[in-house]
Amino acid sequence: GYDIEKVDHEIHFRVKCDRFDETFALTMPGLFNVENALAAIAAAYVFNIPVEFMKSGLYRARSSGRMETYMSADKNIIAVVDYAHNKLSFDKLFSSTRKEYPDYDIISIFGCPGKKAFIRRDDVPPLYLQYTTNFNESKRFIEKILHYFFVFTSLSVSSCTNFFMPLRSNRR
């Protein structure tokens, strides 16, 4: 893939091979999804799927819990919900979010469901510190949420669920 660019709420990129040189578009955010799309294109190529079907399928591709975005009416806050599940996926998520939303500060919350994925508790915080643009504000925000969950519910640290990353505009 080449000529990768974000155009409004879509990601456009080109693919060139011996059968075509075409522009594809994804409606699911995440620049890393271009890599996933290239794998799907390669598989479709092997099975001689027509390029128009490849383009149509990729354009409509969505997955619940993956790169879901929500924007406030004033566009000052964007929330990104993703089920990033390991160090690589968190790193891809953070770096892509930084590139796709350069005018926003990153405030992030992540969790590890159940009694599994204990290594994430060691792997993710350094990435969090690397990409979070206002650590003190994030810390206060997260402390309020954790206080609610751990004081007013029967949840424990190992009960936290998926990843939520609100982005606050720094265009004030």
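Residues numbered from 1 in each chain as written. Predicted model: local features only at pLDDT ≥ 70, side-chain atom pairs only at ≥ 80, totals over all residues. Heavy atoms only, no water.

### Overview of helix H2 (residues 51-60)
Cut-off, in case you're wondering: We call a residue buried when its accessible area falls under 20% of the maximum for its residue type, exposed when it is over 50%, and partly exposed in between, using a 1.4 Å probe and counting protein chains only. Runs of H or I in DSSP of at least four residues are treated as helices and runs of E of at least two as strands, each being numbered from the N terminus. Directions drawn from the helix axis to the C-beta atoms are what define this arc. The contact criterion used is simple: two residues touch if any of their non-hydrogen atoms lie within 4.5 Å.
For H2, the full list of buried residues reads Val 51, Met 54 and Leu 58. An end-on view of H2 places all buried positions within 55° of arc, on one side of the element. The outward face of H2, more than 90 degrees from its buried face, is lined by the exposed residues Phe 53 and Arg 60. The secondary structure elements touched by the buried residues of H2 are strand S3 (21-26) and helix H1 (33-46).

### A look at the packing of aromatic side chains
To be explicit about the condition: Under the pairing criterion, centres of Phe, Tyr and Trp rings, with the six-membered ring standing for Trp, must be within 6.5 Å; the plane angle then separates stacked pairs below 30 degrees from edge-to-face pairs above 60, leaving the rest tilted. Should the NZ of a Lys or the CZ of an Arg lie within 6 Å of a ring centre and within 35 degrees of the ring normal, that charge is described as sitting over the ring.
Counted under the stated rule, the structure contains 4 aromatic pairs. Each ring, one from Phe 20 and one from Phe 24, has its centre 6.1 Å from the other, and the planes form 55°; the classification is tilted. Each member of the pair, Phe 20 as well as Phe 24, carries the same accessibility label: buried. Clustering of aromatic rings is evident, with ring pairs tying together Phe 13, Phe 20 and Phe 24. Above the face of the Tyr 45 ring, Arg 19 is positioned so that its terminal group lies 3.6 Å from the ring centre.

### Some points on the pattern of salt bridges
What counts is decided by this rule: A side-chain nitrogen of Lys or Arg and a carboxyl oxygen of Asp or Glu constitute a salt bridge if their distance falls within 4 Å.
By the definition in use, this model includes 4 salt bridges. Across the pair Asp 21 and Arg 14 runs a salt bridge whose closest N-O atoms are separated by 3.0 Å. Take Asp 21: its relative accessible area is 34%, and that puts it in the partly exposed class. A salt bridge links Lys 92 to Glu 35; the nearest nitrogen and oxygen atoms lie 3.1 Å apart. One end of the pair, Lys 92, is in helix H3 (residues 87-100); the other, Glu 35, is in helix H1, with 57 residues separating them in the sequence. Assessed through its relative accessible area of 48%, Glu 35 is described here as partly exposed.

### Examining the environment of Val 7
Mapping Val 7 onto the fold places it in strand S1 (residues 2-7). The class of Val 7 is partly exposed, set by a relative accessible area of 29%. Along the chain, Val 7 and Glu 100 lie 93 residues apart, while their C-alpha atoms are 9.9 Å from each other.

### Focus on unusual backbone geometry
In the Ramachandran plot, Asp 3 falls in the positive-phi region, its phi being about 50° despite a non-glycine side chain. Along the chain, Asp 3 falls in strand S1. The exposure class assigned to Asp 3 is exposed, which follows from its relative accessible area of 51%. In this model, Lys 75 sits at a positive phi of 65°, which is unusual for a non-glycine residue. Along the chain, Lys 75 turns up in the loop between strand S4 (68-71) and strand S5 (77-82).

### Quick word on the confidence of the model for the chain
The predicted coordinates of low-pLDDT regions are not to be read in fine detail. Note the cut-off: The score called pLDDT rates the predictor's confidence residue by residue, from a low of 0 to a high of 100.
Mean pLDDT for the chain: 78, with 68% of residues reaching 70 or above. No element of the chain has a lower mean pLDDT than strand S7 (residues 163-169), at 49, and none a higher one than S3, at 98. Overall, residues 152-164 carries pLDDT values under 50, and its contacts beyond four positions in sequence, including any with other chains, amount to 39 contacts.

### Notes on the sheet that holds strand S2 (residues 10-16)
Quick reminder of the rule: We treat two strands as partners when DSSP finds at least two bridges between them. Note on method: axes are straight lines fitted to C-alpha atoms, helices fitted across the in-contact stretch only, with angles between N-to-C directions ranging 0 to 180 degrees.
One open sheet accounts for 3 strands, arranged S1-S2-S3; its pairing is antiparallel. Each edge of the sheet is formed by a strand with only one pairing partner; in this case those strands are S1 and S3. The mean angle between the axes of side-by-side strands here comes to 20°, regardless of whether they run parallel or antiparallel. Where S1 and S2 come together, 4 bridges link them in antiparallel fashion. Along S2, the bridge assignment pairs Glu 5 with His 12. Where H1 meets the sheet, its contacts fall on S1, S2 and S3, and the angle it forms with S2 comes to roughly 40°.

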